[in-house]
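Residue-level listing of the chains:
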Amino acid sequence: MAVLKVKFTKTKRDKLAQILWILNWVSVVSGIILFSLGLFLKIEIKKRNEVMAKGDVNSVPNMLISVGVIACIINFLGGKICYDCSDANKFSRWKLVMLPYIVCTFCFTFCILVGALMCYTMRNELEESLYLGLRDAIKFYKDTDIPGRCFLKKTVDMLQIGFQCCGNNGFRDWFAIQWVSARYLNMASKEVLDRLKSNVDGKFLVDGVPFSCCNPSSPRPCIQYQLTNNSAHYNYDFLTEELNIWVKGCREALLDYYTAIMRSIGITALFIWLFELSVLIGVRYLQTAMKNVLLLGDLEGESDGWLLENSFVEAAKYNINIIKNLGKANQISTVSGMNDPNIDVQNTNCGKTNVTTKSIPAAS
C-alpha cells in the first residue's frame, strides 16, 4: 500500500511543477547563503589562527562551503527538471533521471542536517584548540625578536583589548610565565637578579600583566604590577578592584564569540534543511504522479502520487534484498545438475531423415 498517496489532476500537476520550479530557484539562493556562512566562519577562524592550535576546527566551515556549492548545482538541475515536468512529453527525457536525482538530493539534505548539528558539537574541539593556542601565544609573548613569533605580542594585545579579556583562563596566567623580554631587564639591578635566582627555571616572574589587560573604565589609573600586593598601592584592595583589569579569560571570551556565531549558523542551516526537505517531498510527488499518468496513457486524466509505493517495512525489505543479491547476478549456479552453463540451451532435434535409396543398376 502506498504511503501518503495523493490524487493529482492535470491542473494540479502543472501547478505543482511551476511551484517547485520557483522553489528550486529559491533553494539555489539558500545554497549561496550556506556557502557564504561557511566562508564567513572560515574567515573568522582564520583571523585568530595564531591563537588556535591545529585541529578539526575548520571541519564545520568546510562542510558548509561544500554543501552550499552542491546545493546550487542540485537545485539548478532540479529547477530545469520541474520546469520540463509541466509537459508530459518533455518529462519522458527525465523519466529515468528523476529517481536517482531524488536519492542524491535526499543524501544532500542529510548533509545539511549534519552540518547544522556540527555547529552545536564543535564547541569542545574549539575550546581545546583555543586553550592550547592561547597557552602557547602567551608563552611566546616576549619573543618579539624571533622569526615566526615576532607578531604574537601584537596579536595577544589586540585580542585582549578587542575582547576585553586577560590571559588564557584569567589574569593570573601571566603570573606563571615570563612575559617581559630579557632585553628589557636591567641585569645590574639586584631586584632583577634576586627574582631570577628565586625561580628554579631562572625566569623573571612578577604578579603583573601587560597593559592590554587594563580596563579603560577603571576610575583610577591602571595598576599593572604587584596586583596582589595591597600595601604597594594607596587605597587598593585587589579582591575588590574588579574594574582595574579584565577578569574574564580570553579563552572564555573567544568561545562565547564563536559559539554565538555557530548557534546562528546552525539555526539558519536547520531552516534551510527543512525547506530543502519540503522541496524534495514535492519533487517526489511530482515524479510519481507524472510516471503514473504515462502508465495510464491519458495525459489529461488523473493520476496518483506518493512518497513510497509500498509501506516503509516493505520498502526496507525490498532494498535489503536488492543489496544482498548485488553480488549474485553474475554467479553460476552450483546446484547439482546445473554445473553446465549451457544446460538451459535447447538442442535442436532434427529427427530422423528418411533418405530414399536409389537402386544401382546392375551391370548388363
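Structure first, text after, so check above.
What you see is a predicted model, and the numbers here were worked out from it, not measured in a lab.

Asker: What's the story with the packing of aromatic side chains in this structure? I'm lost.
Answerer: What describes a pair of aromatic rings is the distance from one ring centre to the other and the angle between the planes of the rings. Scanning all chains against the criterion turns up eight aromatic pairs. Plain terms: the ring middles of Trp179 and Tyr225 are 6.2 Å apart, the flat faces sit at 15° to each other, and that makes the pair stacked. Pair noted here: Trp179 is in the loop between α5 (152-162) and α6 (190-197) and Tyr225 is in the loop between α6 and α7 (250-296), with a separation of 46 residues, a long-range link. On the accessibility criterion, Trp179 (9% relative accessible area) is buried. Ring plane angle 70° and centroid distance 5.3 Å describe the contact between Tyr257 and Tyr258, whose orientation is recorded as edge-to-face. Of the residues examined, Tyr257 reaches a relative accessible area of 28% and is grouped as partly exposed. Exposure remark for Tyr258: the relative accessible area of 1% places this residue in the buried category. By the ring-pair criterion, three or more aromatic residues cluster together here, those being Tyr141, Trp174, Trp179 and Tyr225. Against the face of Phe140 rests Arg149, its NZ or CZ located 3.7 Å from the ring centre. Positioned above the aromatic ring of Phe204, the side-chain terminus of Arg195 is 5.9 Å from the ring centre.

Asker: How should the packing of helix α4 (residues 123-139) against α7 be read in this particular structure?
Answerer: The contact between α4 and α7 brings their axes to 10 Å, and the two run at 150°. α7 is crossed by α4, and the crossing has right-handed handedness. Touching Arg123, Leu126, Glu127, Leu130, Tyr131 and Leu134 of α4 are Cys250, Arg251, Leu254, Leu255, Asp256, Tyr258, Thr259 and Met262, all from α7. Per-class residue counts for the contact of α4 with α7 are nine nonpolar, one polar and four charged.

Asker: How should I be thinking about the state of the cysteines in this particular structure?
Answerer: Every disulfide links exactly two cysteines, by a covalent bond between their sulfur atoms. Counted according to the given criterion, the structure contains three disulfides. Bridging Cys165 to Cys250, the disulfide has an S-S length of 2.1 Å. Across the disulfide from Cys165 to Cys250, rotation about the S-S bond amounts to roughly 85°, and the bridge is consequently right-handed. With a gap of 85 residues between them, Cys165 in the loop between α5 and α6 and Cys250 in helix α7 connect regions that are remote in the sequence. Residue classification places Cys250 among the buried residues on the basis of a relative accessible area of 1%. Indicated for the protein chain is the disulfide connectivity 1-6, 2-3, 4-5, based on numbering the bonded cysteines in sequence order.

Asker: Would you take a moment to explain the pattern of salt bridges for this structure?
Answerer: It is possible for side chains bearing opposite charge to pair when their charged atoms get close. In total, this model carries eleven salt bridges according to the counting rule given. Close ionic contact of Lys47 with Glu44 constitutes a salt bridge, the shortest N to O distance being 3.0 Å. Highlighted residues: Lys47 and Glu44, both in helix α1 (residues 10-47), separated by three residues, approximately one helical turn. A relative accessible area of 53% means that Lys47 is categorised as exposed. Measuring nitrogen to oxygen at the nearest pair gives 2.9 Å for the salt bridge that ties Asp157 to Lys153.

Asker: I keep staring at unusual backbone geometry and nothing clicks. Help me out?
Answerer: Leaving glycine aside, a negative phi is the common case for residues, and trans is the common case for peptide bonds. Its identity as a non-glycine residue notwithstanding, Gln226 has a phi of 50°, on the positive side. According to the relative accessible area criterion, Gln226 is partly exposed, its value standing at 34%. The phi angle at Asn235 is positive, at roughly 55°, despite the residue not being glycine. Note on placement: Asn235 falls in the loop between α6 and α7.

Asker: How do you make sense of the environment of Ser303 when you look at a structure like this?
Answerer: Structurally, Ser303 can be placed in strand β2 (residues 303-305). Sequence spacing of Ser303 and Arg13 is 290 residues, and the spatial spacing of their C-alpha atoms is 9.1 Å. Each residue touching Ser303, except ones within four places of it in the same chain, is listed here: Val6, Lys7, Phe8, Arg13, Ala289, Asn292, Val293 and Leu296.

Quick notes on the rules
Residues numbered from 1 in each chain as written. Predicted model: local features only at pLDDT ≥ 70, side-chain atom pairs only at ≥ 80, totals over all residues. Heavy atoms only, no water. Phe/Tyr/Trp six-rings, centres within 6.5 Å; stacked < 30°, edge-to-face > 60°. Helix = DSSP H or I, 4+ residues; strand = E, 2+ residues; numbered from the N terminus. Buried < 20%, exposed > 50% of the residue type's maximum accessible area, 1.4 Å probe, protein only. Lys NZ or Arg CZ within 6 Å of the ring centre and 35° of its normal. Axes fitted to C-alpha atoms, helices over the stretch in contact; angles between N-to-C directions. Left-handed = near helix turned anticlockwise from the far one by under 90°. Contact = heavy atoms within 4.5 Å. Nonpolar A, V, L, I, M, F, W, Y, C, P; charged D, E, K, R; others polar. Disulfide = S-S within 2.5 Å. Salt bridge = Lys/Arg side-chain N within 4 Å of Asp/Glu carboxyl O.

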